[in-house]
Amino acid sequence: MYKIAVIPGDGTGPEVIAEGLKVLDAVGLKYEKIMYDVGAERYKKTGEVLPDSVLDELRTVDAIYLGAVGHPDVKPGILEQGLLLKLRFRLEQYINLRPVKLYPGVWTPIKNKGPEDIDFVVVRENNEGLYVGEGEFIDKDTPDEVAIQISRNTRKGVDRCLEYAFDYTKRRNKGNTLTLVGKTNVLTYAFDLWERAFNEMGEKYPSIKRDYAHVDATCMWMLKNPEWFDVLVTDNMFGDIITDLGAMTQGGMGIAAGGNINPKGVSMFEPIGGSAPKYTGKNVINPLAAICAASMMLSELGEQDMADKIENAVMDITANKLKSLSAGKMGYSTQEVGDLVVAAL
Ligand code: IPM
Ligand code: MN
């Protein structure tokens, strides 16, 4: 019996999480669900974003299933930093695992590429880099203003991320190639460390081919030759950016899922699309990203059979049922898509 904390969150979060839970029930997972109402509504009522008491409870569960964070009435940054980033940091979820996989029957904007070409995984460092929130203003609001934003990269933080990435590449056993994505030609401190650490760590993994690509070239190749990639590892900011690009190539935000992983602690799984205020409450948002996040959660819990069952059901309906993966254009409502997945299990 697993203990799963559920944070439906804001916007369309609750709608997609409801479908994910429906699928978890149907696949036969035995779990206790602990619901948390943190997010914009609670913040607006009480001023609380993520109380320490909640954080402490979350440390005791087997996994966290998160819908979305962000609301038009709340100043950007408050919920993102106070809830999402705080969870990632305080629970030391130092990996953000983001598969980019084009499922059968799904439209991709890249001409002449199909599911055999678009199938790679981004391992995004999730606790450091520009996301640490360090920096300062000098002479704020004057013509001489300077704003400094620090990218912090610790050897230990980089090493643990690289170790996960090498292990993951080995476990995946597909192309057995790990590409470091960086910018060694400009970020001569940060990516000097990353590159040294990458090559040293790589010595311990003789079966894994090491590759390096600048982040700008990576964007180019993700569109031109996505089949070149197997597993990519990169820092927090670059990982954030290239995974939105990756998501579009796999059919959009309606399908893209991610895991915030602490390999020795509590991990958190989410659709990466955000709260989509425009579609909230309309029963038109695509729940497949949330359902895929549930599948990733099962995989991390060690329930690989159930995880595969869900992923296969998703592939079945993208191939045979859905007209599109975009909100409002699927040919089915949010709830009907959840029902289709359940039927296909
Ligand atoms: C993501 C999101 C977050 C990030 C935001 C909401 C803080 O874009 O999960 O990719 O930048 O990490
Ligand atoms: Mn992002």
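Conventions adopted
- Residues numbered from 1 in each chain as written.
- Chains lettered and ligands numbered in written order.
- Predicted model: local features only at pLDDT ≥ 70, side-chain atom pairs only at ≥ 80, totals over all residues.
- Helix = DSSP H or I, 4+ residues; strand = E, 2+ residues; numbered from the N terminus.
- Rg over C-alpha atoms; globule rule 2.2 N^0.38 Å.
- Buried ≥ 20, exposed ≤ 12 C-beta atoms within 10 Å, placed from the backbone.
- Contact = placed C-beta atoms within 7 Å.
- Domains from an automatic or database assignment.
- Nonpolar A, V, L, I, M, F, W, Y, C, P; charged D, E, K, R; others polar.
- Core = buried A, V, L, I, M, F, W, Y, C linked by C-beta atoms within 7 Å.
- Near = placed C-beta within 6 Å.
- Pairing = 2+ DSSP bridges.
- Axes fitted to C-alpha atoms, helices over the stretch in contact; angles between N-to-C directions.
- Arc of directions from axis to C-beta.
- Parallel < 35°, antiparallel > 145°, perpendicular 65-115°, else oblique.
- Left-handed = near helix turned anticlockwise from the far one by under 90°.

Student: Before we go on, may I ask you to explain the overall build of the protein chain in this structure?
Tutor: When helices and strands are counted, the protein chain shows 11 helices and 12 strands. Whereas a compact globule of 345 residues would reach a radius of gyration of roughly 20 Å, the protein chain reaches 20 Å, a difference of no more than 12%. Across its three principal directions, the C-alpha atoms of the protein chain cover 50 × 50 × 40 Å. Within the span of the protein chain, comprising 345 residues, buried residues form 46% of the whole. A separation of at least 24 residues holds for 76% of the contacts in the protein chain among residues at least 6 apart in sequence.

Student: Would you take a moment to explain helix α4 (residues 78-90) for this structure?
Tutor: Since one α-helical turn is 3.6 residues long, residues separated by three or four positions face the same way. The set of residues buried in α4 consists of Leu79, Leu83, Leu84, Leu87 and Arg88. Elements that come into contact with the buried residues of α4 comprise α2 (40-46), β11 (257-261) and β12 (267-271). Residue glutamate 92 follows α4 closely and has a positive phi angle near 50°.

Student: Would you mind showing me how to read the domain arrangement of the protein chain here?
Tutor: Interfaces are often sized by the accessible area lost when the parts come together. Domain boundaries assigned for the protein chain yield domain 1 (1-92 + 263-345) and domain 2 (109-249). With centres defined by C-alpha atoms, the gap from domain 1 to domain 2 works out at 25 Å. Here the residues of the side of domain 1 that touches domain 2 sort into 4 nonpolar, 1 polar and 2 charged.

Student: Explain the nonpolar core here, please?
Tutor: The nonpolar side chains of a soluble globular protein tend to be buried, and buried together. Grouped together as the largest cluster of nonpolar side chains are 98 residues, with contacts concentrated most on Tyr65, Val123, Val233, Ala289, Ala294 and Ile310. For this core, the leading source of residues is helix α9 (residues 288-301), giving 10 residues. Counting the residues that make up this core, at least three belong to each of domain 1 (1-92 + 263-345) and domain 2 (109-249). Valine 233 has contacts with Val123, Cys161, Leu162, Ala165, Leu178, Leu180 and Val181, leaving out every residue within four places of it along the chain.

Student: Any chance you could explain the site of ligand 1 here in plain terms?
Tutor: Every residue lining ligand 1 is accounted for by Glu80, Leu84, Leu85, Asp240 and Ile272. For the shell around ligand 1, the element with the most residues is α4, which contributes 3 residues. Along the lines of polarity and charge, the residues of the shell around ligand 1 split into 3 nonpolar, no polar and 2 charged.

Student: In this structure, what is going on with the pairing of strand β4 (residues 95-101)? I would like to understand it.
Tutor: Consecutive side chains along a regular strand alternate between the two faces of the sheet. Most of β4 is tucked away: 7 of the 7 residues are buried. Of the two faces of β4, both are covered, the one formed by Ile95, Leu97, Pro99 and Lys101 as well as the one formed by Asn96, Arg98 and Val100. Two elements, β4 and strand β5 (residues 119-125), share 7 bridges in a ladder whose sense is antiparallel. Of the residues in β5, the one forming a bridge with lysine 101 is aspartate 119.

Student: Quick question: what am I supposed to make of the environment of glutamate 125 here?
Tutor: Mapped onto the elements of the fold, glutamate 125 is located in strand β5. Each C-alpha atom of the pair glutamate 125 and glycine 157 lies 8.3 Å from the other, and the pair is 32 residues apart in sequence. When neighbours within four sequence positions are excluded, glutamate 125 is seen to be in contact with Tyr94, Gly157, Cys161, Asp235, Asn236 and Gly239.

Student: Hey, could you run me through the sheet that holds strand β9 (residues 209-214) in this one?
Tutor: Within a beta sheet, neighbouring strands are joined by backbone hydrogen bonds and run either parallel or antiparallel to one another. Across the sheet, which stays open at both edges, the 10 strands sit in the order β2-β1-β3-β12-β11-β4-β5-β10-β8-β9 with mixed pairing between neighbours. Since the sheet does not close on itself, it has two edges, and those belong to β2 (31-35) and β9, each with one partner. Adjacent strand axes in the sheet meet at a mean angle of 25°, parallel and antiparallel pairs treated alike. Here helix α1 (residues 13-27) sits on the sheet and contacts β1 (2-9), β2, β3 (63-68) and β12; the angle it forms with β3, its principal contact strand, is near 140°. Relative to strand β8 (residues 177-182), helix α6 (residues 190-203) is tilted by about 170°, and along the sheet it contacts β8 and β9.

Student: How should the environment of glutamate 203 be read in this particular structure?
Tutor: Within the secondary structure, glutamate 203 is located in helix α6. Given 8 C-beta atoms within a 10 Å radius, glutamate 203 is considered exposed. For the pair glutamate 203 and alanine 289, spaced 86 residues apart in sequence, the C-alpha separation works out to 36 Å.

Student: Sorry, what's going on with helix α11 (residues 334-344) here?
Tutor: Buried within α11 we find Thr334, Val337, Gly338, Leu340 and Val341. Buried residues of α11, seen end-on, are gathered within an arc of 155° and therefore sit on one face of the element. In the core, the buried residues of α11 are packed alongside α1, α9 and α10 (304-320).

Student: Before we go on, may I ask you to explain the packing of helix α5 (residues 155-172) against α6 in this structure?
Tutor: Packed helix pairs are specified by the crossing angle of their axes together with the interaxial distance, meaning the distance between the axes. Axis separation between α5 and α6 bottoms out at 10 Å; the angle between their running directions is 45°. As summarised for this structure, α5 and α6 are arranged oblique, according to the angle between their axes. Where α5 crosses over α6, the handedness of that crossing is right-handed. Contact residues: Arg155, Val158, Asp159, Leu162, Glu163 and Phe166 in α5; Leu193, Trp194, Ala197, Phe198, Met201 and Gly202 in α6. By residue class, the composition of the contact of α5 with α6 is 8 nonpolar, 1 polar and 3 charged.

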